[in-house]
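Now for the letters of each chain:
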Amino acid sequence: MTEMVRKITLSRAVRTMQYLFPLEYNFYPRSWILPDESSFFEKEIRMMKDRDPSWKPTFIVKPDGGCQGDGIYLIKDPSDIRLTGGLQSRPAVVQEYICKPLLVDKLKFDIRLYVLLKSLEPLEIYIAKDGLSRFCTEPYQEPTLKNLHQVFMHLTNYSLNIHSGNFIHSDNVNTGSKRTFSSILCRLSSKGVDVKKVWSDIISLVIKTIIALTPELKVYYQSDIPAGKPGPTCFQILGFDILLMKNLKPMLLEVNANPSMRIEHEQELSPGVFENVPSPVDEEVKVAVIRDTLRLVDPQKQKKKDIQRFRLVPMCASTFPVQTLLPITIEKWHLYKFAEQRSQTLEHVSDAKEELLDAGPPDRLEHDANKNTEAGLPSLCLKQVFPKYAKQFNYLRLVDRVAALFIRFLGVKGTTKLGPTGFRTFIRNCKLSNSNFSMASVDILYIDITRRWNSMGIDHKESGMCWQAFVEAFFCLAQKKYKSLPLHEQVASLIDFCEYHLAVLDEKRLVCGRGIVERRNALVTCQTDGLQLIPAAHTSLLNRMATASKLADYRNHQY
Ligand code: ADP
């Protein structure tokens, strides 16, 4: 996950979706990757300026893998990029700077929202009902050459603004340099703003972003977590940084895989003497996030329920039931324990409360939450948004299906790169080669794209075609095959085509597999190509149903 949300990887993942669905993914500022796209960036900006001489853009350069505003600077022209020297020579993302943010008390602020990715397959997403608003400490002015360097005016990072003399620690969630997002919404609502619309736009941004991230995440996931074993499952709490524009449109700034869960801040009592003091705003938002995450993800709850009939089992490190995608930091571990103890105490109120942990469909979730409030439990702050809104967003999940194809042909367990044989097998099994597209052309396509992606220095640990290269090759094949359609339809058609041929192949293999069983270990010549036979009797019906539905889907689509 840490890899996935690095600035470059996130930009690439969102960009892939922008190619397919430009309108749906216009919540992410236009971005270029440095140094790979430096000349492209310069050329594109020059062209745009020539077309519209009144356009005076500002750009923000953010080092890849940086955090807390580290190494970030603003520029007015591509030629201002600092290509040499320490920090600045790191790969980076350069982005269009959002010049007109919504201001509160004349200050720029951003929103930190906590999102629980509860499960990848099936996709389950929860959003915390409240978040944090982090304020700049100098009144905002649109960027000019004079004020470009004023970080307290342009960057909302807490870690930077805390060093400003204007930073206000507040023990009230409605004031100061860090406030709850709900307090901002209340204020906006009192001014007549449609805050429901703001929320639904934010939910949509979060779901779409996660849809953009899941395909590659699945590629990493299958290489790290063996498939087919029951539990443990993974979850992740993500920190989404969002900026509201003046017109209230939310824009995604970045996603944090390891958001700070501190509920205290440092106070300088006398020069050089610091003390940790509680931060009510952080506590209000973060404790609820951790508590509800534990309520939702604990896979041992059923087991615990049985044990609890006899005795109370305190949680300790060795029995911590869920595996996070990241190691748990000490700081988080204490918070987990704290929240776990609180929720555990509450869990014992009655067996009926256990139902809440299942957090079924959202209506039921809210209903259950109310039930629990009545019984003395705090209501859930995490709101399920996926699969609740799946119907509205499922059409965007095309690249997930491309990832399923990629993973199927990876072959060797634990790898994330496709070798030339795997790629050829993919082409052959999906019947993509013909007189106009020979296997020699397939090899050239493979070599061209793989070499280019590998030269970008993404990951040299393994050789072969990386996931992004496969996506590019897939889009290329789709464009070749379905010339006149828009890109997303070309890609969807190619996915249908591939899935259809693979379903037919699976069906054949199944028959072949049954033959093997029936002839009691007799040898059957069955074309082997790296795909597995699925001989288990109980899977055959499911597979046949899946095949039948794929064939039907494909036929409906074709005619
Ligand atoms: P970091 O991980 O270093 O905090 P961010 O991407 O969150 O990097 O950027 C730091 C800050 O810079 C944000 O909190 C925001 O205030 C500002 N910022 C980032 N990108 C933009 C942008 N495209 N337009 C306007 N402000 C931005």
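Calculation criteria
- Just so you know, the residues in each chain are numbered from 1, in the order the chain's sequence is written.
- Note on the predicted model: pLDDT of at least 70 is required for a residue's local features to be given, and 80 or more for side-chain atom pairs to be given and counted; whole-chain, interface and lining totals, by contrast, use all residues.
- Values shown for side chains rest on all heavy atoms present in the structure; no hydrogens or waters enter the calculation.
- Axis angles are defined between N-to-C directions and span 0 to 180 degrees, where every axis is a line fitted to C-alpha atoms and, for a helix, only to the segment in contact.
- Numbering of helices and strands starts at the N terminus; helices are DSSP runs of H or I of at least 4 residues and strands are runs of E of at least 2.
- Here roughly perpendicular refers to angles of 65 to 115 degrees, roughly parallel to angles under 35, roughly antiparallel to angles over 145, and oblique to all remaining angles.
- In this scheme, a crossing is called left-handed if the near helix is turned counterclockwise away from the far one by less than a right angle; it is called right-handed if the turn is clockwise.
- Any pair of residues with heavy atoms lying within 4.5 Å of one another is described as a contacting pair.
- The residue classification treats Ala, Val, Leu, Ile, Met, Phe, Trp, Tyr, Cys and Pro as nonpolar and Asp, Glu, Lys and Arg as charged. All others, Gly included, are polar.
- Paired rings are identified among Phe, Tyr and Trp, the last through its six-membered ring, by centres lying within 6.5 Å, and are further divided according to the angle between planes into stacked (under 30 degrees), edge-to-face (over 60) and tilted (the rest).
- Buried, partly exposed and exposed residues are distinguished by accessible area as a fraction of the type maximum, computed with a 1.4 Å probe on protein chains only: under 20%, between the cut-offs, and over 50%, respectively.
- Note on geometry: a ring has a charge over it if NZ (lysine) or CZ (arginine) is within 6 Å of the ring centre and within 35 degrees of the ring normal.
- What makes a residue near a molecule or strand is one non-hydrogen atom of that residue sitting within 4 Å of it.
- In protein, a polar contact means a hydrogen-donor-capable atom and an acceptor-capable atom, both N or O and within 3.5 Å, with residues adjacent in sequence counting only if both atoms are side-chain atoms; elsewhere, any N or O pair within 3.5 Å suffices.

### Description of the packing of helix H6 (residues 195–224) against helix H13 (residues 398–410)
Alright, step 1. Remark: H6 packs on H13, axes separated minimally by 8 Å, with the N-to-C direction vectors making an angle of 25°. Our classification of the angle between H6 and H13 gives roughly parallel. Judged by the sense of rotation from one axis to the other, the crossing of H6 with H13 is right-handed. Packed against H6, whose contacting residues are Thr214, Pro215, Lys218, Val219 and Gln222, the element H13 presents Val399, Asp400, Ala403, Phe406, Ile407 and Leu410 at the interface.
Alright, step 2. Taken together, the residues of the contact of H6 with H13 sort by class into seven nonpolar, two polar and two charged.

### Quick word on the packing of aromatic side chains
Each pair of aromatic rings is reported with the distance of its centres and the angle of its planes.
Alright, step 1. The tally for this structure, following the rule as stated, stands at 18 aromatic pairs.
Alright, step 2. Ring centres of Phe109 and Phe135 lie 5.1 Å apart, and the angle between their planes is 20°; on these two criteria the pair is classed as stacked. Here the residue Phe109 occupies a position in strand S6 (residues 107–119), and Phe135 occupies one in strand S8 (residues 132–135), the gap between them amounting to 26 residues. Pair check on accessibility: Phe109 and Phe135 agree, each one buried.
Alright, step 3. Taking 5.0 Å as the distance between ring centres and 45° as the angle between the ring planes, the aromatic pair formed by Phe406 and Phe470 counts as tilted. Of this pair, Phe406 sits in helix H13 while Phe470 sits in helix H16 (residues 467–481), placing them 64 residues apart in sequence.
Alright, step 4. A relative accessible area of 1% places Phe470 in the buried class.
Alright, step 5. Taken together through their ring pairs, the aromatic side chains of Phe406, Phe409, Phe423, Phe426, Tyr446, Trp467, Phe470 and Phe474 make up a single cluster.
Alright, step 6. Above the plane of the ring of Phe135 lies Arg179, whose end atom (NZ or CZ) is 4.2 Å from the centre.
Alright, step 7. When the ring centre of Phe497 is taken as origin, the NZ or CZ atom of Lys481, which lies over that ring, is 4.1 Å away.

### Digging into the site of the ligand
Alright, step 1. Among the 24 residues in the neighbourhood of the ligand, the closest are listed as Lys62, Gly69, Thr156, Asn157 and Glu254.
Alright, step 2. Take Lys7: an N or O atom from its side chain is 2.9 Å from an oxygen atom of the ligand.
Alright, step 3. Within the side chain of Asp110, an N or O atom sits 3.3 Å from an oxygen atom of the ligand.
Alright, step 4. The set of elements that each furnish at least two residues to the shell around the ligand consists of strand S2 (59–63), strand S4 (92–96), S6, strand S10 (234–244) and strand S11 (250–256).
Alright, step 5. Residues of the shell around the ligand, tallied by class, amount to nine nonpolar, seven polar and eight charged.

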